[in-house]
Each structure stands twice: as C-alpha cells, then as structure tokens.
Amino acid sequence: MKLPNSVISFSETALHPRAQSIPFNRPCMQWAEIANIFCALQMGKLAGGGAFSRRCEAMLAERVAAPKVLLTSSCTDALEMASLLMDIQPGDEVIMPSFTFVSTANAFCLRGARPVFADIREEDLNLDASTLEKYITPRTKGIVPVHYGGQACDMDSIMQTARAHSLWVVEDAAQALFSTYKGKPLGSFGDVGCFSFHETKTIMCGEGGAIAINSKNLIQRSEIIHEKGTNRSQFFRGEVDKYTWVDMGSSYLPSDMTAAFLYGQLTSGSDIIAKRRRIHEIYEQGLQTLEDAGKLRIFHVRPECGINYHLYYILTQDTAIQQDLLAYLKQRHITAVTHYVPLHTSPYAQKHGYTAHLPVTEDIAKRLIRLPFYNDLGIYEQEYIIHCIHNYFK
Ligand SMILES: *Cc1c(COP(=O)(O)O)cnc(C)c1O
C-alpha cells in the first residue's frame, strides 16, 4: 500500500540510515509504542483519562511509591498544577535554584509569586541545602528542589528545613523518573513531585508529564484541577450524580494516544535504563584519565543516589575552554551543548529587579558541557567522541 504524501512512514523515520553527524539527542523507540497507539485507535477512546492513561498512572504510582499519579501534557503543566495546589498567592516567595529550566519558575510567577533563587553546590549542581535558611522570609511558602541530571538533591536536609519552617516542597523531578535517594524514589519526598516525558528525557512520549501527589489531603483537589476545575473524576467513579464546576482548574490531560506511546516506553523502562547506564559507564571510563590529569571534571554520582542516566556532563576549567571545546567537537560533527542560562541573569529576571550574585551557578554555567546521550548512541560513535575530547587536550 502506498502511503499518502502527508504521512511519513515509520521505516523512513526510524530506519533512516545514520546521518554523518552525531546529534546531541535522538528520540529512540521500539515497536511497543507504535503497537500501543494502534491499540488505542482501535479502542476508539482518544481523549485523556483513557485505558492507557490509567495504566501509565498506575504503573507510575507503583514505581514512584506515590498514592496518586496523574498524567499531564508536560512537566510544565505538572508544575503549574503544583502551584495551584499549593494555593500560591501574589507576593508569595518560592525558593528554587537559578540553575534550572524556565518552567520551574514560571509555574509560580504565573500565580504572582516571586521566585527566590538559591545557589547550587559544585559537587552535584543541586541546591546547596546548607544555605537555604538564609533565603527564608515571612513570605516564603515553599521550596522547589530540582534533581539535576537525575541525581537527587540532599533531600534529608531540604525536608528538615521545610518542616522546621512549615513550608511545602514541590520536587521538580523532570529529569529524575526512576532515580532514588537512599533507596527511595525521587518525586516521592515532597508534597508533590513533577516529571517530564519530553523527547529529551530518559522515558519520553514527545511531550508529556506527570504529577505525583504524596500528601493524601491533596488528592481530591488535584483530580479537580486536572479536569478543568470539575468533579468529573468523582462522577466517573459514581461518587456524584453529575459533574460541574467546583474549583479553578485547566485542561492538563494528555490524549490517550500519547499515553499509549508512553506506556510502551514505561514497559521497556528497565531496558532503556540499562542502555543508558552503559553509555554513562563508557564515558566515565573513557574520560577518567582526563579528570586525573586535571583537565576536566566528570559527572560523579554520590553514594546515596541512584540515577536514571538522564544526561552526561563534564566541567571544563574555564569558559574559554568550554567554548573552544564545543567548537572543536562541532567541527568534528559532534553536537555537544551547554545547559541553562542561570535564571537570575536572564532578561526576564533583569527586568524584575534581580541583582543578587550566585557565584557557583554563574561559574558552572560557563564551564558545563553536555555530551551526546541517547539510547541508541553506538559504541563506535561514543569512542569517537571520547577520542576527540582526548585529542583536544593533547
Ligand atoms: C525538562 C524540564 C522541565 C520541563 O519539562 P516539559 O515536560 O518540557 O514541560 C522542567 N524542569 C526541568 C528541570 C526540566 O529538565
């Protein structure tokens, strides 16, 4: 059968011969994702909250050890739901790292809160929990730890500070699905945990996310916010005889086609993690000698952390080497990239009067390089990348 021109056939996309250059990321999938989408189409229920959404939510709740998980269209959505659930009001302050993605801050800005940017520590690029106290004021409502690169923040200390000051905690676990801290899954520590299934993440469905509700008293309201401010979920369970507008909310559900794809990824989750673990280990073994020679620093995993192999970063000695090495790799058809422009130095923050300096954050942003990292990254490609980095430092 010939496909209409508007349809890109699966074989053209997934089986395309390898391009010459090595991309930074390539979304990788197997047949389960496609088969599940066909199945969703056959069942004929494509809106949110369908059979595949339920399965994803149940599996995630089990794996994250959370009493309730709801799928969302993105982690951005999950964070916005968190902001509504925490009842953020204009003038509230929320402590978070500056070294993060814009959505961490926007979710709270949209409700009128002011993000208070805290510095990170060099060893894991996560919030420096020992400095949190100094950012707390009478207006502080919560803390948003971001688990950078899938490696856990110092959750014992963050939770202790939060409890001492009666603050809520929203974990931005966008990069940290299936990571652990002292054996406990990330996303299960805070009042809520937010995950991303963006195509750049370890488990992905193009665009997608989830929110884990850990405080049982938030479950009912989370279902309402998730369903446009209605009690539709209760109606479907037969708990009320009609559904109506009961609170603020929005449309946060992904389509069941998206959930079908995601379920395929989740069911092969351990294969995906195993592939990525191997890639991490090859980089580690290949670059260790450069660290020993003082040329760069590699990604170190703390003993209390189990990571999901979301990314692999290196730190150069200074920004001149960072820029030079990036250009050197680019010339050799390797796409390596930096990461966040610290939020407190962004044009938006400048317009809103942020003047503080966060020395570690500013320094790290100028030295960090992320290397190509995706499930199907071949061993020869990876050896070539490592070889080029060694050659650069020769
Ligand atoms: C990817 C990411 C997000 C946003 O996730 P989306 O699903 O793209 O909305 C938020 N925070 C962090 C730390 C991320 O890495």
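Note that residues are indexed from 1 along each chain, following the sequence as it is written. Local features in this predicted model are restricted to residues whose pLDDT is 70 or higher, and side-chain atom pairs enter the listing and the counts only when it is 80 or higher, whereas totals over whole chains, interfaces and linings include all residues. With hydrogens and water stripped out, all remaining heavy atoms of the structure feed into the side-chain values.

### Focus on the sheet that holds strand β9 (residues 209–213)
What the seven strands build is an open sheet, ordered β1-β9-β8-β5-β4-β2-β3; its pairing is mixed. Looking at which strands have only one partner, the edges of the open sheet turn out to be β1 (68–72) and β3 (114–118). When the angles between neighbouring strand axes are averaged without regard to direction, this sheet yields 25°. Note that strand β2 (residues 93–97) and β3 share five bridges and pair parallel. From the neighbouring strand, I95 faces β3, where its bridge partner is V116. Across the sheet, helix α3 (residues 51–64) lies against β1, β8 (192–196) and β9, angled at about 130° from β1, the strand it touches most. Paired strands, in this sense, are two strands between which DSSP finds at least two bridges. Helix numbering and strand numbering both begin at the N terminus, where a helix is a DSSP run of H or I of at least 4 residues and a strand a DSSP run of E of at least 2. Note on geometry: axes are lines fitted to C-alpha atoms, helical ones only across the stretch in contact, with angles between N-to-C directions running from 0 to 180 degrees. What makes two residues a contact is simply this: any of their non-hydrogen atoms within 4.5 Å.

### As for the side chain of H280
Note that H280 resides in helix α10 (residues 269–292). Ignoring anything within four residues of it in the chain, the contact list for H280 reads F299, V301, I307, Y309, Y312 and F373.

### Thoughts on the site of the ligand
A molecule or strand has a residue near it when one of that residue's heavy atoms lies within 4 Å. Around the ligand sit 15 residues, and of these C75, T76, D172, S196 and K201 come closest. Polar contact criterion, stated in full: a pair of N or O atoms within 3.5 Å, where within protein one must be able to donate a hydrogen and the other to accept it, and residues adjacent in sequence count only if both atoms are side-chain atoms. Here an oxygen atom of the ligand sits 2.8 Å away from a polar atom, N or O, in the main chain of C75. Contacts to the ligand include S196, whose side-chain N or O atom sits 2.7 Å from an oxygen atom. A per-class count over the shell around the ligand returns five nonpolar, eight polar and two charged. Think of it as three bins: nonpolar holds Ala, Val, Leu, Ile, Met, Phe, Trp, Tyr, Cys and Pro, charged holds Asp, Glu, Lys and Arg, and polar takes everything else, Gly as well.

### Focus: the packing of helix α2 (residues 31–43) against helix α9 (residues 256–267)
The packing of two helices is summarised by the inter-axis angle and the distance between the axes. The N-to-C vectors of α2 and α9 enclose an angle of 145°; their axes lie 7 Å apart at closest approach. The two elements α2 and α9 meet at a crossing, and its hand is right-handed. Judged by residue contacts, A32, E33, N36, I37, A40 and L41 of α2 engage D256, M257, A260, F261, Y263, G264 and Q265 from α9. Residue composition of the contact of α2 with α9, by class: eight nonpolar, three polar and two charged. Each crossing is labelled by how the near helix is turned from the far one, with a counterclockwise turn of less than a right angle marking it left-handed and a clockwise turn marking it right-handed.

### Some thoughts on unusual backbone geometry
Positive phi outside glycine occurs at S166, with the angle close to 50°. Mapped onto the fold, S166 is located in the loop between α6 (155–164) and β5 (168–172). A positive phi is found at Y309, a non-glycine position, where the angle reads about 60°. When you line up the elements, Y309 lands in the loop between β11 (305–306) and β12 (313–316). Taking the relative accessible area as the measure of exposure, Y309 reaches 11% and is therefore buried. Think of it in three bands: with a 1.4 Å probe and only protein chains considered, a residue is buried below 20% of the maximum accessible area for its type, exposed above 50%, and partly exposed in between.

### Thoughts on the pairing of β5
In terms of residue burial, β5 counts as a mostly covered element, since five of its five residues are buried. Where burial is concerned, the two faces of β5 agree: the one with W168, V170 and D172 and the one with V169 and E171 are both buried. Here strand β4 (residues 140–143) runs beside β5; their pairing, made up of two bridges, is parallel. Paired with G142 across the two strands is W168, which belongs to β5. As judged from the three bridges shared by β5 and β8, these two strands associate in the parallel manner. Its bridge partner lying in β8, D172 is registered against C194.

### Describing the sheet that holds strand β7 (residues 184–185)
Read across the open sheet, the three strands follow the order β7-β6-β11; overall the sheet is antiparallel. The open sheet has two edge strands with one neighbour each: β7 and β11. With two bridges joining them, strand β6 (residues 180–181) and β7 adopt antiparallel strand pairing. Across the sheet, T180 pairs through a bridge with P185, a residue of β7.

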